[in-house]
Amino acid sequence: MKLIGKLWLTLGISVLATTIIVSLGLLRWLETRALDQRHDDLLRASVLLSEIARPTLTGEAEPARLQERIKRLGADVHTRFTVIDRQGRVLADSRQDPTQMDDHSGRPEVVRARTAGEGSATRHSRTLGARLLYVAMRVDDPQGTLPLGYVRSSVPLAALDRQLREVRQVAVAAGGLGVLL
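What you see is a predicted model; the values in this text were computed from it and never measured.

Draft legend 1. Region of interest: the environment of Thr 79. With respect to the element layout, Thr 79 can be found in the loop between helix H2 (63–77) and strand S1 (80–85). Judged by relative accessible area, which is 9%, Thr 79 ranks as buried. Sequence separation between Thr 79 and Val 155 is 76 residues; the distance between their C-alpha atoms is 5.4 Å. Each residue touching Thr 79, except ones within four places of it in the same chain, is listed here: Leu 42, Gly 74, Ser 94, Arg 95, Ser 153, Ser 154 and Val 155.

Next comes the structure, spelled out in structure tokens:
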């Protein structure tokens, strides 16, 4: 192989390697950024939900009334909401009958919320059969000394996964075009 051919081959490999490394880094950054944005949105929703749930958690209001309210709210904003008492019993859920749901005290996001005030997890939901991002928040009594329970907001990650797949396809196509040029 002539020297000029070796130089072009080396240049092509360098451009391809650089394109792959930059694309992978950019895709990872975009995924992290998108998950962080969803997390922040769910945390804000949980703050609002805690105010709606407080009367039920203190025993001043019936769980059935809260169930109907968050069911409507969850449908309106395409978010699943769950209200959990301090023992882990589900009092209300926007997508499921709370009487049919099991103890939630061991859910990773609730465990973290118990100790840190807020917790999140990304995992598969057996109830919905999809990968979801969950954000839970501890709701304390007015003095801040006793946890009353927890509120949890969650969204499926299918749409985000689809968007990231599309971005990957565009990145691969652009990288391939860049290497050819």
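Moving on, there is more to tell.
Draft legend 2. Main features of the pairing of strand S2 (residues 90–93). Both S1 and S2 contribute to a ladder of 3 bridges, which runs antiparallel. Paired with Thr 82 across the strands is Asp 93, a residue of S2. A loop of 4 residues connects S1 with S2, the two strands running antiparallel in sequence, and Gly 88 in this loop sits at a positive phi of about 105 degrees.

Calculation criteria
- Residue positions within a chain follow its written sequence, with the count starting from 1.
- Reporting of local features is limited, given that this is a predicted model, to residues whose pLDDT is at least 70; pairs of side-chain atoms are given and counted only at 80 or more, and all residues count toward the totals for whole chains, interfaces and linings.
- Here the side-chain values reflect all heavy atoms present in the structure, with hydrogen atoms and water set aside.
- By definition, any uninterrupted DSSP run of H or I lasting at least four residues is a helix, any uninterrupted run of E lasting at least two residues is a strand, and each is numbered from the N terminus.
- For each residue, the accessible area found with a 1.4 Å probe, counting protein chains only, is set against the maximum for its type, and the residue is called buried under 20%, exposed over 50%, and partly exposed in between.
- Note on contacts: a residue pair is in contact if any heavy atoms of the two residues lie within 4.5 Å.
- A pair of strands is considered paired only if DSSP assigns at least 2 bridges between the two.

Everything listed is a geometric property; what it means functionally is a separate question.
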